[in-house]
Amino acid sequence: MSGTTDDDDHRLEALGYKPSFRREFSNLATISFAFSIMGLCSSIATTLNTPLLLGGPASVTWCWLLGSCMCFTLGSSIAEIVSAFPTCGGLYTASAQLCPKSHRAIVGWIVGWLNILGQVAGLSSTEFGLANMIWAAVSLSSPTFQLTQGKTVGLFAGLLIVHGLLNSVATRYLAFATRGFVFVNLGATVVIIIVLLATTPRSAMHSATYVFGSQGVVNQTGGWNNGIAFLLGLLSVQWTMTDYDATAHISEEVRRAAYAAPAAIFIAVIGTGILGWLLNVVLMLCSGPIENLPGISGSAFLQIMALRMGTPTALFLWSFVCLTAFFVSQTALQACSRTVYAFSRDHGLPDNGYFGHIAGSTRTPLRAIWFTTILSILPGFLDLASPTAANAIFALTAIALDLSYIIPIFLRRLYANHPDVKFRPGPFYMGPGLLGWAANVTCISWTLFVCIIFSLPTVFPVTKINMNYASVITVGVVFLSWVWYVLSAHQHYHGPTSNLDAETKARLDMEEAEPNSPSISEKEKIRVFVSMASE
C-alpha cells in the first residue's frame, strides 16, 4: 500500500501540489462514492414529476435512454481528464492547465466559480428535495398534516448541519461508511422494481404503446408542442447523471487515484444509466391513471408505490429512497468542500488561503467543510422570503456544472498542439483516434443542446413565479465572476499555484531533466486504453 501511495503522491507533486490528505478510499469505496453522488432511486424520485407530468410516460422512458447514452460520452470524456489530473481541484484545475499560460487565470477563475456554485446549488437543492421527501411520507401517512415552508426549511437546515458534522470526521471513517452506500442505493432500486412488478396485476399494467409509443406522449405544458414537451423529459436524466467530477474532488484521498477515480466514474455512469432505465420503465408500467398523479404526497414516485404496494410497504421502501438521498448529500458536501479547499489553496477565494487549510486532527479541510455547509443553507432560507428566487438558484445546478465540464474537454482539443499545453494522458485514455474525438464532440454538442432545454419555461402561461431563471442566473454568475476578476481578483489569483517547497521542486526538476527519465504514466506500464487507432 505504501508503494501505491508513494506513486500517487509523486503524481500529485508532478502536478504541483503537496500531498495533504490520507489516501483511505479503496476501489470499492471510490466506486460507491461515484454511484452515491448520482443517487439513482432518490434522484428519479425527486425529478419524476417533471417528465411524467409535462411530456408523459413515453417521455420518461425514451428521454432517459437517450440522455443516459449521451451522458456516457460526457462521463468518458471527464474520466479521461480526471485520470490525467487526479487532484481535488478536478476539472477546475484541468481547465487552467489545458489552455495557454496567458489564459490560465481567467479560465480557472470562471470555471472554478461555475463549478463551486453549481455544486453548492446542487447540494442545497438535494437537501431541500430530501426534506420534501420526508414530509411527503408524513403527508401520505397523515392526510390531515399541514406542511408549511418553515417546517421544510427547518428540516432542510437541520439535515445540512448533520451532514456537516458527519463530514468532520477523519477520512478513514468517511471511506468506511461510503463503502456501504452503493449497496443501499442499488439494492433499494432493485427491490422497488421487483416489488412493483410482483404487486401489480398484469391486467392493471399499461400497454407497451402507453409506455413506449405515441399513446404515452401526454402534453400537459399548456403551450409547448408535443416535441418540446417530450424533450422536457431530459431534465430528469440530466439532473440525476450530473456531478460526474465529484469523484475527482476526492482523488487526493483515493488509492491509485489515476485508475480508481476515472474507473469509478465510468462504471457509475453505465450502471446508473441501465438500472435507471429499467426503474423508469417499470414505474410507467405500474403507474395507474396519470390524472391521479402526483397525488396527496406531491410525489408521483411515492404515489405509484403506494398504489401498488399499499401505504405501509411503500413507506418502508421509501425510507431507503430517503436514505439514498441522504447519502447523495453526504458525498456532495464532501466533494464540494474539497473544491472550495482547492480553490482557496490556489488563492481563488479572497481569504488569503484560510479555507485551504487541513486540520491536523482529522487531515480533512474542516474550515472548507463548514463554509460549504453554511453557504448551502442560505438558498433554503431564501425560500422563506421568495420561493421563486430559491428555485432559480436551485436551477443553476445542471447548467453551471455541465458548462464547467465541457470547457476543459473543449480546451484540450483546441490547444492540443499549443506549446504551453502539455496533456499527458493518464491510465484511462480513449486515444488520439476517432473514438476520443467522437466522444468529445458528441458530449460538447449534447451539453450545449440540453442547456437550451434547461433554460426553457416548463409550463404556460409563463409568469414571474413559474419562469425558468436558470440561464439568467448562470450568465449572471459568469459575468459577475469576470467583473470581479477584472476589478480586483486578478491581484491575488493567478491560476492554479504550486504549494511545493523548494526542495521538492528541485527534485522534480532534476527528474524532468534526466534524458531517460520516464513519465509517471510510462512508469505504470499498464494502461486502460479504450482506443480506436486512426491508421
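These figures come from a predicted structure and were not determined experimentally.

Caption draft 1: Layout of the environment of S95. Here S95 is to be found in helix 6 (residues 91-97). Overall, S95 belongs to the buried group, its relative accessible area being 0%. The sequence separation of S95 and P387 amounts to 292 residues, and the corresponding C-alpha distance is 34 Å.

Caption draft 2: Examining the packing of helix 20 (residues 396-414) against helix 21 (residues 434-455) more closely. In contact at an axis separation of 10 Å, helix 20 and helix 21 are set at 150° when each is read in the N-to-C sense. Put simply, helix 20 runs roughly antiparallel to helix 21. At the point where helix 20 passes helix 21, the crossing takes the left-handed sense. Listed contacts from helix 21 to A398, I399, D402, L403, I406, I409, F410, R412 and R413 of helix 20 are G436, W437, N440, C443, I444, T447, L448, V450, C451, F454 and S455.

Caption draft 3: The arrangement of helix 20 in detail. Between the first and last C-alpha of helix 20 there are 27 Å, a value that for 19 residues agrees with the 27 Å anticipated at 1.5 Å per step. The buried count for helix 20 comes to 15 of 19 residues, which makes it a mostly enclosed element.

Caption draft 4: Seen up close, unusual backbone geometry. The omega torsion across L293 and P294 is 10°, close enough to zero to call that bond cis. Residue P461 follows F460 across a cis peptide bond; omega there is -5°. Considering the arrangement of structural elements, one finds P461 in the loop between helix 21 and helix 22 (470-487). Even without being a glycine, R256 presents a positive backbone phi close to 50°. When you line up the elements, R256 lands in the loop between helix 14 (246-249) and helix 15 (257-285). Overall, the relative accessible area of 35% leaves R256 in the partly exposed class. Phi is positive for N352, close to 55°, though the residue is something other than glycine. Among the structural elements, N352 can be located in the loop between helix 17 (311-345) and helix 18 (366-385).

Caption draft 5: Representation of the environment of T30 in the model. Residue position: T30 is located in helix 2 (residues 27-38). In the structure, T30 is positioned 231 residues away from A261 in sequence and 6.7 Å away in space, judged by C-alpha atoms. Beyond its immediate chain neighbours, meaning those up to four positions away, T30 contacts F25, T247, V254, A260, A261 and A264.

Caption draft 6: Just a nonpolar patch on the surface, in detail. On the surface, F479, L480, W482, V486 and L487 cluster together into a nonpolar patch covering about 550 Å² of accessible area. Of note, W482 is situated in helix 22. For W482, a relative accessible area of 43% gives the class partly exposed.

Caption draft 7: Local environment of the packing of aromatic side chains. Tallied over the entire structure, the rule returns 26 aromatic pairs. Taken together, a centroid distance of 6.2 Å and an interplanar angle of 85° make the contact between F25 and F33 edge-to-face. Of the two residues, F25 and F33, neither departs from the other in class, the shared state being buried. Ring centres 5.3 Å apart and planes at 35° place the aromatic pair W113 and W484 in the tilted group. Taken together, the positions of W113 in helix 7 (residues 101-141) and W484 in helix 22 put the pair 371 residues apart, joining distant regions of the chain. With relative accessibility at 13%, the residue W113 sits in the buried group. For W484, a relative accessible area of 30% corresponds to the partly exposed category. These aromatic residues form a ring-pair network of at least three members: Y92, W109, W113, F343, W484, Y485 and Y493. Over the ring of Y259 we find R256, and its NZ or CZ is 4.3 Å from the ring centre. Here the basic side chain of R413 rests over the ring of W437, its NZ or CZ set 4.4 Å away from the ring centre.

Basis of the calculations
- Residues numbered from 1 in each chain as written.
- Predicted model: local features only at pLDDT ≥ 70, side-chain atom pairs only at ≥ 80, totals over all residues.
- Heavy atoms only, no water.
- Helix = DSSP H or I, 4+ residues; strand = E, 2+ residues; numbered from the N terminus.
- Buried < 20%, exposed > 50% of the residue type's maximum accessible area, 1.4 Å probe, protein only.
- Axes fitted to C-alpha atoms, helices over the stretch in contact; angles between N-to-C directions.
- Parallel < 35°, antiparallel > 145°, perpendicular 65-115°, else oblique.
- Left-handed = near helix turned anticlockwise from the far one by under 90°.
- Contact = heavy atoms within 4.5 Å.
- Expected span 1.5 Å × (residues − 1).
- Patch = residues over 30% accessible without salt bridge, like charges linked within 9 Å, V, L, I, M, F, W, Y side chains within 5 Å.
- Areas by Shrake-Rupley, 256 points an atom, 1.4 Å probe, with all protein chains shown as cover.
- Salt bridge = Lys/Arg side-chain N within 4 Å of Asp/Glu carboxyl O.
- Phe/Tyr/Trp six-rings, centres within 6.5 Å; stacked < 30°, edge-to-face > 60°.
- Lys NZ or Arg CZ within 6 Å of the ring centre and 35° of its normal.

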